[in-house]
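Structure assessment
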Amino acid sequence: VSSGDMIGASTFTSFIQQDNPTIDALVEAGLDLGAVGNHEFDAGFADLVDRVVPRYGQGDEAAGAPYALGANVYLAGTDEPALQEYVVEEVDGVRVAFIGTVTADTATLVSPAGITEIEFGDQLEAANRVAAEITSADAADVIVLLTHDGAPTEDCATIAQGDSDYAALITGASAEIDAIVSGHTHQPYVCEVPVNGVAGTERPVIQANQYGTMLGKLDISVDSTTGELVSIGGSLVPLVGEDDAPLFPADAEVEAIVADAVEVADELGSVEIGSITADILRGGTPPGDDLGVES
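Residues numbered from 1 in each chain as written. Predicted model: local features only at pLDDT ≥ 70, side-chain atom pairs only at ≥ 80, totals over all residues. Heavy atoms only, no water.

**Some thoughts on the overall build of the chain**
The helix and strand tally for the chain stands at seven helices and 10 strands. By the compact-globule yardstick of 19 Å for 295 residues, the chain fits well, its C-alpha radius of gyration being 21 Å. Taking the principal axes of its C-alpha atoms as reference, the chain extends roughly 70 × 45 × 45 Å. Taken over 295 residues, the chain has a buried fraction of 37%. Of the roughly 15500 Å² of accessible surface on the chain, 51% is carried by carbon and sulfur atoms. Computing the positive centroid from 7 side-chain charges and the negative centroid from 52, the chain places the two 3 Å apart. (Helix = DSSP H or I, 4+ residues; strand = E, 2+ residues; numbered from the N terminus. Rg over C-alpha atoms; globule rule 2.2 N^0.38 Å. Buried < 20%, exposed > 50% of the residue type's maximum accessible area, 1.4 Å probe, protein only. Areas by Shrake-Rupley, 256 points an atom, 1.4 Å probe, with all protein chains shown as cover. Lys, Arg positive; Asp, Glu negative; His and termini not counted. Charge placed at Lys NZ, Arg CZ, Asp CG, Glu CD.)

Structure (C-alpha coordinates):
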(Lines give C-alpha, C1' and ligand atoms only; values in the text may rest on other atoms or scores of the structure.)
Protein backbone atom coordinates (compact mmCIF):
# COMPACT_ATOMS: atom_id res chain seq x y z
CA VAL A 1 0.00 0.00 0.00
CA SER A 2 1.04 3.62 -0.41
CA SER A 3 0.58 6.89 1.45
CA GLY A 4 0.84 8.99 -1.71
CA ASP A 5 3.34 10.87 -3.88
CA MET A 6 4.11 7.82 -5.97
CA ILE A 7 4.19 10.03 -9.07
CA GLY A 8 4.94 13.70 -9.74
CA ALA A 9 8.07 15.75 -9.04
CA SER A 10 9.95 12.84 -10.55
CA THR A 11 13.22 12.38 -12.37
CA PHE A 12 13.49 13.02 -16.10
CA THR A 13 13.49 9.27 -16.76
CA SER A 14 9.93 9.05 -15.49
CA PHE A 15 8.34 12.46 -16.06
CA ILE A 16 9.26 12.61 -19.76
CA GLN A 17 6.69 9.82 -20.17
CA GLN A 18 4.12 11.34 -17.77
CA ASP A 19 5.30 8.94 -15.04
CA ASN A 20 3.89 5.96 -16.94
CA PRO A 21 7.07 3.93 -16.33
CA THR A 22 6.74 4.51 -12.57
CA ILE A 23 3.07 3.48 -12.58
CA ASP A 24 3.89 0.35 -14.58
CA ALA A 25 6.74 -0.52 -12.21
CA LEU A 26 4.48 -0.11 -9.17
CA VAL A 27 1.80 -2.31 -10.72
CA GLU A 28 4.40 -4.95 -11.55
CA ALA A 29 5.83 -4.70 -8.03
CA GLY A 30 2.44 -5.53 -6.55
CA LEU A 31 1.06 -2.23 -5.23
CA ASP A 32 -2.55 -2.96 -4.28
CA LEU A 33 -3.88 0.43 -3.16
CA GLY A 34 -2.91 3.84 -1.86
CA ALA A 35 -3.91 7.26 -0.66
CA VAL A 36 -3.40 10.24 -2.92
CA GLY A 37 -0.58 12.64 -2.13
CA ASN A 38 -0.29 16.25 -3.21
CA HIS A 39 1.90 15.25 -6.15
CA GLU A 40 -0.86 13.03 -7.55
CA PHE A 41 -2.57 16.34 -8.38
CA ASP A 42 0.43 17.97 -10.08
CA ALA A 43 -1.10 17.51 -13.53
CA GLY A 44 -4.63 18.18 -12.28
CA PHE A 45 -7.61 16.23 -10.99
CA ALA A 46 -8.77 15.23 -14.46
CA ASP A 47 -5.39 13.70 -15.28
CA LEU A 48 -5.49 11.73 -12.03
CA VAL A 49 -8.94 10.19 -12.56
CA ASP A 50 -8.92 9.90 -16.35
CA ARG A 51 -5.35 8.72 -16.99
CA VAL A 52 -3.39 7.81 -13.88
CA VAL A 53 -5.98 5.72 -12.03
CA PRO A 54 -7.03 3.65 -15.06
CA ARG A 55 -3.37 2.93 -15.85
CA TYR A 56 -2.83 1.69 -12.30
CA GLY A 57 -5.88 -0.51 -12.73
CA GLN A 58 -4.93 -2.04 -16.06
CA GLY A 59 -6.44 -5.49 -16.08
CA ASP A 60 -8.44 -4.67 -12.93
CA GLU A 61 -12.23 -4.74 -13.13
CA ALA A 62 -12.38 -1.90 -10.60
CA ALA A 63 -10.38 0.30 -13.00
CA GLY A 64 -7.82 0.97 -10.32
CA ALA A 65 -10.02 3.06 -8.02
CA PRO A 66 -8.23 1.86 -4.84
CA TYR A 67 -5.06 3.54 -6.09
CA ALA A 68 -6.55 6.97 -5.34
CA LEU A 69 -8.12 6.94 -1.89
CA GLY A 70 -9.00 10.40 -0.60
CA ALA A 71 -11.68 10.61 2.08
CA ASN A 72 -11.17 14.36 2.56
CA VAL A 73 -11.29 15.25 -1.15
CA TYR A 74 -14.70 16.62 -2.08
CA LEU A 75 -16.42 17.94 -5.18
CA ALA A 76 -16.16 21.73 -4.98
CA GLY A 77 -18.86 23.35 -2.89
CA THR A 78 -20.26 20.04 -1.61
CA ASP A 79 -19.61 17.31 0.94
CA GLU A 80 -19.72 14.68 -1.81
CA PRO A 81 -16.54 12.58 -2.04
CA ALA A 82 -14.61 13.17 -5.25
CA LEU A 83 -12.56 9.98 -4.76
CA GLN A 84 -13.05 6.58 -3.19
CA GLU A 85 -12.77 7.01 0.57
CA TYR A 86 -11.66 3.54 1.63
CA VAL A 87 -11.25 -0.04 0.48
CA VAL A 88 -11.43 -3.34 2.37
CA GLU A 89 -8.84 -5.99 1.54
CA GLU A 90 -9.16 -9.55 2.81
CA VAL A 91 -5.79 -10.90 3.97
CA ASP A 92 -5.70 -14.52 5.21
CA GLY A 93 -9.36 -14.26 6.09
CA VAL A 94 -8.94 -10.95 7.94
CA ARG A 95 -10.80 -7.90 6.63
CA VAL A 96 -8.46 -4.90 6.66
CA ALA A 97 -9.96 -1.52 5.78
CA PHE A 98 -7.67 1.18 4.43
CA ILE A 99 -8.84 4.80 4.62
CA GLY A 100 -6.95 7.42 2.59
CA THR A 101 -6.52 11.12 3.37
CA VAL A 102 -4.23 13.86 2.05
CA THR A 103 -2.95 17.09 3.55
CA ALA A 104 -5.38 19.96 3.07
CA ASP A 105 -2.33 22.04 2.13
CA THR A 106 -2.53 20.35 -1.27
CA ALA A 107 -4.65 23.27 -2.41
CA THR A 108 -1.58 25.52 -2.01
CA LEU A 109 0.95 23.01 -3.34
CA VAL A 110 -0.37 22.44 -6.87
CA SER A 111 -1.64 24.61 -9.71
CA PRO A 112 -5.09 26.00 -8.84
CA ALA A 113 -6.15 25.59 -12.46
CA GLY A 114 -5.98 21.80 -12.14
CA ILE A 115 -8.15 21.47 -9.05
CA THR A 116 -11.09 23.79 -9.71
CA GLU A 117 -13.48 20.83 -9.47
CA ILE A 118 -12.45 19.76 -5.98
CA GLU A 119 -11.74 20.93 -2.44
CA PHE A 120 -9.62 19.48 0.37
CA GLY A 121 -11.31 19.15 3.74
CA ASP A 122 -10.21 18.35 7.27
CA GLN A 123 -8.40 15.02 7.53
CA LEU A 124 -9.43 14.26 11.09
CA GLU A 125 -13.12 14.79 10.41
CA ALA A 126 -12.95 12.62 7.29
CA ALA A 127 -10.93 9.81 8.88
CA ASN A 128 -13.19 9.56 11.92
CA ARG A 129 -16.36 9.81 9.83
CA VAL A 130 -15.31 6.98 7.52
CA ALA A 131 -13.99 4.83 10.39
CA ALA A 132 -17.38 5.15 12.08
CA GLU A 133 -19.13 4.10 8.86
CA ILE A 134 -16.90 1.05 8.49
CA THR A 135 -17.43 0.06 12.13
CA SER A 136 -21.19 0.62 11.98
CA ALA A 137 -21.46 -1.63 8.94
CA ASP A 138 -19.15 -4.24 10.51
CA ALA A 139 -17.20 -4.08 7.25
CA ALA A 140 -13.72 -4.76 8.64
CA ASP A 141 -11.78 -6.38 11.48
CA VAL A 142 -8.88 -3.91 11.33
CA ILE A 143 -8.80 -0.28 10.16
CA VAL A 144 -5.60 1.38 8.90
CA LEU A 145 -5.38 5.07 8.03
CA LEU A 146 -3.09 6.01 5.13
CA THR A 147 -2.40 9.72 5.41
CA HIS A 148 -0.31 11.83 3.09
CA ASP A 149 0.85 14.01 5.92
CA GLY A 150 3.56 13.67 8.52
CA ALA A 151 5.78 15.05 11.23
CA PRO A 152 8.86 17.15 10.36
CA THR A 153 10.97 15.01 12.69
CA GLU A 154 11.66 11.36 13.43
CA ASP A 155 11.57 12.04 17.18
CA CYS A 156 8.68 10.08 18.67
CA ALA A 157 8.77 12.23 21.81
CA THR A 158 7.64 15.29 19.84
CA ILE A 159 5.77 13.77 16.89
CA ALA A 160 2.33 14.45 18.36
CA GLN A 161 3.09 17.88 19.80
CA GLY A 162 2.18 21.28 18.39
CA ASP A 163 -0.86 22.63 16.60
CA SER A 164 -0.31 21.13 13.15
CA ASP A 165 -3.08 19.28 11.31
CA TYR A 166 -0.96 16.14 11.52
CA ALA A 167 -0.59 16.33 15.29
CA ALA A 168 -4.35 16.82 15.56
CA LEU A 169 -4.90 13.82 13.29
CA ILE A 170 -2.71 11.29 15.10
CA THR A 171 -3.85 12.39 18.56
CA GLY A 172 -7.53 12.83 17.67
CA ALA A 173 -8.10 9.82 15.43
CA SER A 174 -10.85 7.63 16.85
CA ALA A 175 -10.09 4.40 18.68
CA GLU A 176 -11.61 2.55 15.73
CA ILE A 177 -8.45 3.33 13.73
CA ASP A 178 -5.83 0.73 14.66
CA ALA A 179 -2.74 2.12 12.90
CA ILE A 180 -1.64 5.18 10.97
CA VAL A 181 0.76 5.00 8.00
CA SER A 182 1.98 8.43 6.91
CA GLY A 183 4.05 10.14 4.24
CA HIS A 184 4.78 13.62 2.86
CA THR A 185 7.58 14.71 5.22
CA HIS A 186 10.26 12.19 4.17
CA GLN A 187 11.04 10.92 7.67
CA PRO A 188 11.79 7.45 9.08
CA TYR A 189 9.85 6.80 12.28
CA VAL A 190 8.03 4.04 14.12
CA CYS A 191 6.14 5.53 17.05
CA GLU A 192 3.46 4.46 19.51
CA VAL A 193 0.96 7.27 20.06
CA PRO A 194 -1.74 7.24 22.77
CA VAL A 195 -5.23 6.53 21.46
CA ASN A 196 -7.70 9.33 22.08
CA GLY A 197 -10.17 8.48 24.83
CA VAL A 198 -8.74 5.04 25.66
CA ALA A 199 -6.47 5.18 28.68
CA GLY A 200 -3.32 3.10 28.49
CA THR A 201 -3.75 2.27 24.80
CA GLU A 202 -1.35 3.18 21.99
CA ARG A 203 -1.30 2.56 18.27
CA PRO A 204 1.56 2.47 15.75
CA VAL A 205 2.19 5.61 13.70
CA ILE A 206 4.86 5.01 11.05
CA GLN A 207 6.55 6.65 8.07
CA ALA A 208 9.01 4.91 5.77
CA ASN A 209 11.51 7.64 4.93
CA GLN A 210 11.73 8.60 1.25
CA TYR A 211 12.48 7.62 -2.36
CA GLY A 212 11.95 3.90 -1.88
CA THR A 213 14.81 3.52 0.59
CA MET A 214 12.56 1.77 3.13
CA LEU A 215 9.30 -0.11 3.46
CA GLY A 216 6.94 0.46 6.35
CA LYS A 217 5.64 -2.79 7.82
CA LEU A 218 2.64 -3.59 10.02
CA ASP A 219 2.50 -6.92 11.83
CA ILE A 220 -1.14 -7.64 12.62
CA SER A 221 -2.44 -10.47 14.79
CA VAL A 222 -6.20 -11.20 14.75
CA ASP A 223 -8.15 -13.93 16.57
CA SER A 224 -9.40 -16.10 13.72
CA THR A 225 -12.44 -17.18 15.72
CA THR A 226 -13.73 -13.86 17.00
CA GLY A 227 -12.19 -11.48 14.45
CA GLU A 228 -10.85 -9.37 17.32
CA LEU A 229 -7.52 -7.56 16.96
CA VAL A 230 -4.94 -9.15 19.26
CA SER A 231 -1.95 -6.93 18.47
CA ILE A 232 -0.60 -4.56 15.85
CA GLY A 233 2.93 -3.23 15.59
CA GLY A 234 5.00 -1.22 13.14
CA SER A 235 8.57 -1.45 11.87
CA LEU A 236 10.75 -0.25 9.00
CA VAL A 237 12.51 -2.50 6.51
CA PRO A 238 15.63 -0.92 4.92
CA LEU A 239 15.87 -1.57 1.18
CA VAL A 240 19.29 0.00 0.66
CA GLY A 241 22.51 -0.01 2.65
CA GLU A 242 25.60 2.16 2.63
CA ASP A 243 25.99 4.37 -0.45
CA ASP A 244 22.42 3.41 -1.38
CA ALA A 245 23.51 -0.08 -2.42
CA PRO A 246 20.40 -2.30 -2.81
CA LEU A 247 19.95 -4.94 -0.13
CA PHE A 248 17.76 -7.14 -2.32
CA PRO A 249 18.14 -8.43 -5.90
CA ALA A 250 16.29 -6.54 -8.61
CA ASP A 251 13.00 -7.91 -9.84
CA ALA A 252 13.49 -8.87 -13.49
CA GLU A 253 10.17 -7.49 -14.73
CA VAL A 254 10.55 -4.16 -12.93
CA GLU A 255 14.18 -3.93 -14.03
CA ALA A 256 13.06 -4.31 -17.65
CA ILE A 257 10.53 -1.46 -17.25
CA VAL A 258 13.28 0.76 -15.84
CA ALA A 259 15.70 -0.14 -18.64
CA ASP A 260 13.10 0.70 -21.28
CA ALA A 261 12.37 4.02 -19.57
CA VAL A 262 16.05 4.91 -19.50
CA GLU A 263 16.35 4.15 -23.19
CA VAL A 264 13.39 6.38 -24.08
CA ALA A 265 14.67 9.15 -21.79
CA ASP A 266 18.11 9.03 -23.39
CA GLU A 267 16.52 9.53 -26.79
CA LEU A 268 14.08 12.25 -25.80
CA GLY A 269 16.63 13.95 -23.59
CA SER A 270 19.06 14.37 -26.46
CA VAL A 271 16.62 16.50 -28.48
CA GLU A 272 17.88 20.10 -28.61
CA ILE A 273 15.17 22.54 -27.59
CA GLY A 274 17.19 25.75 -27.33
CA SER A 275 20.59 27.28 -26.67
CA ILE A 276 22.25 30.01 -24.61
CA THR A 277 25.27 32.19 -25.32
CA ALA A 278 26.38 32.62 -21.69
CA ASP A 279 25.73 31.25 -18.23
CA ILE A 280 22.30 31.90 -16.72
CA LEU A 281 22.81 32.64 -13.02
CA ARG A 282 20.76 33.75 -10.06
CA GLY A 283 21.62 37.09 -8.47
CA GLY A 284 23.81 37.67 -5.46
CA THR A 285 27.49 38.26 -4.75
CA PRO A 286 29.19 36.37 -6.27
CA PRO A 287 26.54 35.86 -8.99
CA GLY A 288 24.49 32.78 -8.40
CA ASP A 289 24.65 32.48 -4.61
CA ASP A 290 21.21 33.95 -3.75
CA LEU A 291 18.58 31.20 -3.87
CA GLY A 292 15.90 33.82 -3.29
CA VAL A 293 16.37 35.24 -6.78
CA GLU A 294 14.70 33.56 -9.72
CA SER A 295 17.05 32.27 -12.39
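**Thoughts on the side chain of D149**
With respect to the secondary-structure elements, D149 resides in the loop between strand 5 (142–148) and helix 6 (165–172). One buried charged residue, D149, forms no salt bridge at all, with the nearest opposite charge on R203 at 14 Å. Within the local environment of D149, its side chain forms a polar contact with the side chain of Q123, the two groups lying 2.9 Å apart. (Salt bridge = Lys/Arg side-chain N within 4 Å of Asp/Glu carboxyl O. Polar contact = N/O pair within 3.5 Å; in protein donor to acceptor, adjacent residues only side chain to side chain.)

**Quick look at the nonpolar core**
What tends to happen in soluble globular proteins is that the nonpolar side chains get buried as a cluster. Within the largest apolar cluster, 24 residues are counted, with the highest numbers of intra-cluster contacts made by I99, I159, I177 and V205. Counting residues per element, the ones that place at least two in this core are strand 3 (94–102), helix 5 (123–136), strand 5, helix 6 and strand 7 (188–194). Ranked by the residues each element gives to this core, the list is headed by helix 5, at five residues. When sequence neighbours within four positions are dropped, the list of residues in contact with I177 reads A127, N128, A131, I143, L145 and R203. (Core = buried A, V, L, I, M, F, W, Y, C linked by side-chain atoms within 4.5 Å. Contact = heavy atoms within 4.5 Å.)

**Side note on the sheet that holds strand 8 (residues 202–208)**
Within the open sheet, the six strands sit side by side as 2-3-5-6-8-7. Their pairing is mixed. Each edge of the sheet is formed by a strand with only one pairing partner; in this case those strands are strand 2 (86–91) and strand 7. Direction aside, neighbouring strands of the sheet carry axes that sit 20 degrees apart on average. Of the strand pairs in this sheet, strand 3 and strand 5 are connected by seven bridges, and their pairing is parallel. Bridged to V102 within strand 5 is H148. Here helix 5 sits on the sheet and contacts strand 2, strand 3 and strand 5; the angle it forms with strand 3, its principal contact strand, is near 160 degrees. (Pairing = 2+ DSSP bridges. Axes fitted to C-alpha atoms, helices over the stretch in contact; angles between N-to-C directions.)

**Topic: helix 2 (residues 20–29)**
Listing the buried residues of helix 2 in full gives N20, P21, I23, D24, A25 and L26. G30 sits one or two positions beyond helix 2 and adopts a positive phi of about 105 degrees.

**Re the pairing of strand 3**
For strand 3, a buried count of eight out of nine residues is recorded, marking the element as mostly surrounded by other parts of the structure. Pairing analysis gives six bridges linking strand 2 to strand 3, with the strands arranged antiparallel. The residue of strand 3 that forms the bridge with E89 is V96. Count of turn residues in the strand 2/strand 3 antiparallel hairpin: two residues, of which D92 carries a positive phi of about 50 degrees.

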